[in-house]
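For reference, the chains in residue letters:
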Amino acid sequence: MTVNLSGERAAAPTPSVKRVVVEVVNFALVGGSGVAVNFLVFNVLLHGLHRAAMPATVLASLIAMGTNYLGFRYFTYRDRASRTRRQIALFFVFSGIGVAMESGLFYAGYHGLGLTGPFESNAVKAASIVLASAFRFLVYRTWVFQSDAHRA
């Protein structure tokens, strides 16, 4: 524990830092629910219904993408630009790129490395989601759900 002997108050984080922290937390909450949907659909299709791995991962990602749009639009970025055709198009274009990234990474681990068991396939799925999510976070906040300052 440190003691401030100077009598000065410690500077609070700047509003922009607070905003980014809140944005990251909200992105993680919505993204976490999307990950849950993604894993649920993936596991039901692949391990429950014994469907092929690639269609299972792509379909799971697409369903999660739809639920994420609603969460990002109405929760994480509700204070940003109103819903427009451009915003919707950009979201689905960038999300599609994210699905392609996620699917490619999954393919490399599942088929390329032979990680096909229930535990291994879920580990590969998790790694692919994490890497694609970093891309999604950057493009969503930069181009899809722009703040008023960015639009001006």
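Parameters and conventions
Residues numbered from 1 in each chain as written. Predicted model: local features only at pLDDT ≥ 70, side-chain atom pairs only at ≥ 80, totals over all residues. Heavy atoms only, no water. UniProt positions renumbered as here; feature names shortened; annotations may be inferred. Helix = DSSP H or I, 4+ residues; strand = E, 2+ residues; numbered from the N terminus. Core = buried A, V, L, I, M, F, W, Y, C linked by side-chain atoms within 4.5 Å. Buried < 20%, exposed > 50% of the residue type's maximum accessible area, 1.4 Å probe, protein only. Contact = heavy atoms within 4.5 Å.

- In the annotation of an unreviewed UniProt entry, the entry for the protein reads GtrA-like protein, and the organism field reads Streptomyces chartreusis NRRL 3882.
- Under the UniProt heading Sequence similarities (unreviewed entry), the note attached to the protein is "Belongs to the GtrA family."
- The UniProt entry for the protein carries the following comment under Subcellular location (unreviewed entry): "Membrane".

1. Points about the UniProt feature "transmembrane region" (unreviewed entry) in the protein
Moving on, step 1. As annotated by UniProt and renumbered to match this structure, "transmembrane region" (unreviewed entry) occupies residues 20-46, 52-76, 88-110 and 122-139.
Moving on, step 2. Note that residues 20-46 is 100% helix and 0% strand, and that its end C-alpha atoms are spaced 37 Å apart.
Moving on, step 3. With 100% helix and 0% strand, residues 88-110 has its two end C-alpha atoms placed 32 Å apart.

2. So, the nonpolar core
Moving on, step 1. Formed by 14 residues in total, the largest nonpolar core has its most connected members in Phe 27, Phe 72, Tyr 77, Phe 91, Tyr 140, Val 144 and Phe 145.
Moving on, step 2. Of all the elements in the fold, those that place two or more residues in this core are α1 (15-48), α2 (53-76), α3 (85-112) and α4 (118-144).
Moving on, step 3. The biggest single contributor to this core is α4, with four residues.
Moving on, step 4. Not counting the four nearest positions on each side in its chain, Phe 91 is found in contact with Met 65, Asn 68, Tyr 69, Phe 72, Tyr 140, Val 144 and Phe 145.
Moving on, step 5. Grouped together as the second largest cluster of nonpolar side chains are 10 residues, Val 41, Phe 42, Ala 56 and Phe 106 included.

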